[in-house]
Amino acid sequence: MSDSPDGSRPAPEHGTRKRLVLMGPPGAGKGTQARVLADELRVPTISTGDLFRANIAAGTELGLKVKGILDAGDYVPDSVTNSMLSERLAQPDCVAGFVLDGYPRTLAQVDELDTMLANHGAEIDAVLELTVDRNELVSRLSKRAVGEGRSDDTPEVIRRRQEVYTEQTEPLLAVYAERGLLVRVDGMGPMHEVTRRMLRVLGHDEVASA
Ligand code: ADP
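The present account deals with the structure reproduced in this document. (Residues numbered from 1 in each chain as written. Predicted model: local features only at pLDDT ≥ 70, side-chain atom pairs only at ≥ 80, totals over all residues. Heavy atoms only, no water.)

Things to note about the overall build of the protein
Looking only at helices and strands, the protein has 8 helices and 5 strands in total. Relative to its full complement of 210 residues, the protein shows a buried share of 43%. Residue pairs in contact within the protein that sit at least 24 positions apart in sequence constitute 72% of those at least 6 positions apart. (Helix = DSSP H or I, 4+ residues; strand = E, 2+ residues; numbered from the N terminus. Buried < 20%, exposed > 50% of the residue type's maximum accessible area, 1.4 Å probe, protein only. Contact = heavy atoms within 4.5 Å.)

Re helix α3 (residues 61-72)
Those residues of α3 that sit buried are Leu 62, Gly 63, Val 66 and Leu 70. All buried residues of α3 lie within an arc of 90° about the axis, which places them on one face of the element. Exposed and oriented more than 90 degrees from the buried face of α3 are Glu 61, Leu 64 and Lys 65. Tucked inside the fold, the buried residues of α3 contact α2 (48-58), α4 (78-89) and α7 (155-178). Gly 73 sits one or two residues past α3 and shows a positive phi near 85°. (Arc of directions from axis to C-beta.)

Points about the site of the ligand
Taken together, 18 residues lie near the ligand, and Thr 48, Asp 74, Gly 102, Arg 105 and Arg 161 sit nearest. At a separation of 3.1 Å, an oxygen atom of the ligand approaches a polar side-chain atom of Lys 30. In the environment of the ligand, a nitrogen atom lies 2.8 Å from a nitrogen or oxygen atom belonging to the backbone of Gly 102. Here the ligand, which alone exposes 550 Å², has 97% of that area covered by the protein. Ranked by residue count, the leading element in the shell around the ligand is α2, at 4 residues. (Near = heavy atom within 4 Å. Polar contact = N/O pair within 3.5 Å; in protein donor to acceptor, adjacent residues only side chain to side chain. Areas by Shrake-Rupley, 256 points an atom, 1.4 Å probe, with all protein chains shown as cover.)

Notes on the packing of α2 against α4
It is the contact of α2 with α4, at a shortest axis distance of 11 Å, that shows an interaxial angle of 100°. Overall, the two elements α2 and α4 adopt an arrangement that is roughly perpendicular. Residue-level inspection shows Thr 48, Leu 51, Phe 52 and Asn 55 of α2 in contact with α4, the latter providing Thr 81, Met 84, Leu 85 and Arg 88. Partitioned by chemical class, the residues of the contact of α2 with α4 number 4 nonpolar, 3 polar and 1 charged. (Axes fitted to C-alpha atoms, helices over the stretch in contact; angles between N-to-C directions. Parallel < 35°, antiparallel > 145°, perpendicular 65-115°, else oblique. Nonpolar A, V, L, I, M, F, W, Y, C, P; charged D, E, K, R; others polar.)

What about the environment of Val 66?
With respect to the helices and strands, Val 66 occurs in helix α3. Residue Val 66 is classed as buried on the basis of its relative accessible area of 1%. Note: C-alpha distance between Val 66 and Arg 53 (13 residues apart in sequence) is 9.0 Å. Contacts of Val 66, omitting those with residues within four sequence positions, involve Phe 52, Ile 56, Val 76 and Val 80.

Digging into the pattern of salt bridges
Counted according to the given criterion, the structure contains 14 salt bridges. When the shortest N-O distance is used, the salt bridge between Arg 53 and Asp 50 registers 2.9 Å. Note that Arg 53 and Asp 50 are positioned in helix α2 at a spacing of 3 residues, about one turn of the helix. For Asp 50, a relative accessible area of 35% corresponds to the partly exposed category. One salt bridge connects Glu 136 with Arg 140, and the closest N-O pair in it is separated by 2.9 Å. (Salt bridge = Lys/Arg side-chain N within 4 Å of Asp/Glu carboxyl O.)

Okay, here's the thing in structure tokens:
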């Protein structure tokens, strides 16, 4: 995207904001909403958590390296996460856009993402933060623990993931707010309502087909 003569970026037109980051604490519904939103926008969703879990399930070298870290609720080192994401973003299906779920999660990843996109002549169009009450977060995660059997959904690991989020990821919200990219979306209520709110703030008014 080229800069205008006065140095300010032209506002993206409706329908062109397709390089998106979804943020929010564990349990906010990022994974689910990222998939629905990406379907609506006809772009891929890239979930670092899913990529790690797929590697663990397939028993790859990367999977073996990160399994213990995920099970403890800690973050995978930036170098490992960054190279995995960089490979994914370089795939041709990401050219028209993407919905990132679970990346960036550290300040170093914010810088890395900027660099990766700049290499493709691109930048982030918007960062959507899903906001959900604390009590609701705990109840959603506990339900998921029963339903999906994720090994990092035990009460102790959930607490650890929340702590790590507050310490390492919450500060990113201020960074994106400062850049004028952050949009808060109410993540409470029925799933299709939340999807509709996200599409609305992006300028896509059609009703989600979910
Ligand atoms: P959550 O529902 O807690 O947001 P995710 O599926 O997004 O879970 O991520 C699961 C785990 O994968 C994290 O707890 C962390 O160990 C690892 N992970 C995912 N994304 C990243 C990232 N960007 N940086 C470091 N670790 C990550």
